[in-house]
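Coordinate analysis (summary)
One-letter residues, chain by chain:
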Amino acid sequence: DTGVSQNPRHKITKRGQNVTFRCDPISEHNRLYWYRQTLGQGPEFLTYFQNEAQLEKSRLLSDRFSAERPKGSFSTLEIQRTEQGDSAMYLCASSLREIYGYTFGSGTRLTVV
Amino acid sequence: GQNIDQPTEMTATEGAIVQINCTYQTSGFNGLFWYQQHAGEAPTFLSYNVLDGLEEKGRFSSFLSRSKGYSYLLLKELQMKDSASYLCAVRWTDSWGKFQFGAGTQVVVTP
């Protein structure tokens, strides 16, 4: 069990560019979550998958954001036409049952310049 | 979303005890989690409470009172490595999938 893996660890992009992040959850975990965290704040929910189905999406997520989990394994989060306000740590987490809490990945730090 | 309140920062000395409080609105409550997050790292799961009472796990304990909308995380025999942010997260009944996190309490352990 290698834990939750996220790539890349860091991404610097120019405003207006598109970026895509990848998350590989713990293999037996059927639930996958994306969160965003800015400095001094707790993680903020973005979206949630159970297997390949996207069950919930935050109203905070504009149409520039899209997430997929095509075969119920890894997931991608794409941000189109990035803005400076998108600069944050993007965290992926997975779980089998909520009673065990989430296992978070190390995150992808996005900086939009 | 509903407010989740916790103190911004607490300072304590090595070997001491610190209690981090978390308050939330009781309507729709469906479970509370505590996470530890060291600077620049991912949050790690500490505890889960859904029923009233105290859950003890080594040096860390977590307490819940559902009627009061109140939880605390108790850190005993503080060590320097306990310096971190401690996040309170609540699951609401209208969503099984997501947790709502507080802003975190930064605990600073001094020698």
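Before any of the text, the structure's been laid out above.
Read on for an overview of the structure. (Residues numbered from 1 in each chain as written. Chains lettered and ligands numbered in written order. Predicted model: local features only at pLDDT ≥ 70, side-chain atom pairs only at ≥ 80, totals over all residues. Heavy atoms only, no water.)

A few words on the sheet that holds strand 1 (residues 5-7) of chain A. All names here are of chain A. Pairing in this open sheet of four strands is antiparallel, and the strands run 1-3-8-7 from one edge to the other. Only two strands of the sheet have a single neighbouring strand rather than two, namely strand 1 and strand 7 (65-68). Direction aside, neighbouring strands of the sheet carry axes that sit 15° apart on average. Pairing between strand 3 (residues 19-24) and strand 8 (residues 75-79): five bridges, direction antiparallel. Bridge pairing in strand 8 places Val 19 opposite Ile 79. (Pairing = 2+ DSSP bridges. Helix = DSSP H or I, 4+ residues; strand = E, 2+ residues; numbered from the N terminus. Axes fitted to C-alpha atoms, helices over the stretch in contact; angles between N-to-C directions.)

A separate point is the interface of chain B and chain A. Opposite the 17 residues of chain B that make contact, chain A presents 19 residues. Between chain B and chain A, a total of about 1,500 Å² is buried, with carbon and sulfur atoms accounting for 57% of that surface. Where chain B meets chain A, there are one salt bridge. Where Glu 56 of chain A meets Lys 98 of chain B, a salt bridge forms, and the shortest distance between an N and an O atom there is 3.3 Å. Taken together, the elements giving at least two residues each to the side of chain B that touches chain A come down to strand 4 (29-37), strand 5 (44-49), strand 9 (84-92) and strand 10 (99-101) of chain B. Top element by residues in the side of chain B that touches chain A is strand 4 of chain B. It accounts for three residues. Residue classes in the side of chain B that touches chain A are distributed as 11 nonpolar, four polar and two charged. (Contact = heavy atoms within 4.5 Å. Buried area = accessible area lost by both parts, 1.4 Å probe. Salt bridge = Lys/Arg side-chain N within 4 Å of Asp/Glu carboxyl O. Nonpolar A, V, L, I, M, F, W, Y, C, P; charged D, E, K, R; others polar.)

Attention now moves to the packing of aromatic side chains. Under the criterion given, the structure shown has 22 aromatic pairs over all chains. Here Phe 104 of chain A and Tyr 35 of chain B contribute two aromatic rings whose centre-to-centre distance is 5.7 Å and whose plane-to-plane angle is 80°, an arrangement assigned as edge-to-face. Of this pair, Phe 104 of chain A sits in strand 10 (residues 103-104) while Tyr 35 of chain B sits in strand 4, placing the two residues on different chains. Seen from the ring of Phe 74 of chain A, Arg 22 of chain A lies directly overhead, with NZ or CZ sitting 3.9 Å from the centre. (Phe/Tyr/Trp six-rings, centres within 6.5 Å; stacked < 30°, edge-to-face > 60°. Lys NZ or Arg CZ within 6 Å of the ring centre and 35° of its normal.)

A few words now on unusual backbone geometry. Residue and element names in this part refer to chain A. A cis amide bond, omega -10°, links Asn 7 with the succeeding residue Pro 8. Within the secondary structure layout, Pro 8 lies in the loop between strand 1 and strand 2 (10-13). The backbone of Asn 51 sits at a positive phi, close to 55°, despite the residue not being glycine. Mapped onto the secondary structure, Asn 51 falls in the loop between strand 5 (44-50) and strand 6 (53-57). You can call Asn 51 partly exposed: its relative accessible area is 35%. Not every positive phi belongs to a glycine, and Arg 81 is a case in point at roughly 50°. With respect to the helices and strands, Arg 81 occurs in the loop between strand 8 and strand 9 (88-95). (Buried < 20%, exposed > 50% of the residue type's maximum accessible area, 1.4 Å probe, protein only.)

What follows is about the state of the cysteines. Residues and elements named next belong to chain B. Under the defined criterion, the tally for this structure stands at two disulfides over all chains. The disulfide that involves Cys 22 links it to Cys 88, with 2.0 Å between the sulfurs. Its torsion about the S-S bond being -65°, the disulfide of Cys 22 and Cys 88 is classed as left-handed. Separated by 66 residues along the polypeptide, Cys 22 in strand 3 (residues 18-24) and Cys 88 in strand 9 bring together distant segments of the chain. Here the two residues Cys 22 and Cys 88 agree in accessibility, since each one is buried. (Disulfide = S-S within 2.5 Å.)

To continue, consider the environment of Ala 93 of chain A. Residue and element names in this part refer to chain A. Turning to its location among the elements, Ala 93 is positioned in strand 9. Taking the relative accessible area as the measure of exposure, Ala 93 reaches 0% and is therefore buried. Sequence separation between Ala 93 and Ser 5 is 88 residues; the distance between their C-alpha atoms is 9.2 Å. If we skip the residues at most four places from it in the chain, Ala 93 touches Arg 31, Leu 32, Tyr 33, Tyr 102, Thr 103 and Phe 104.

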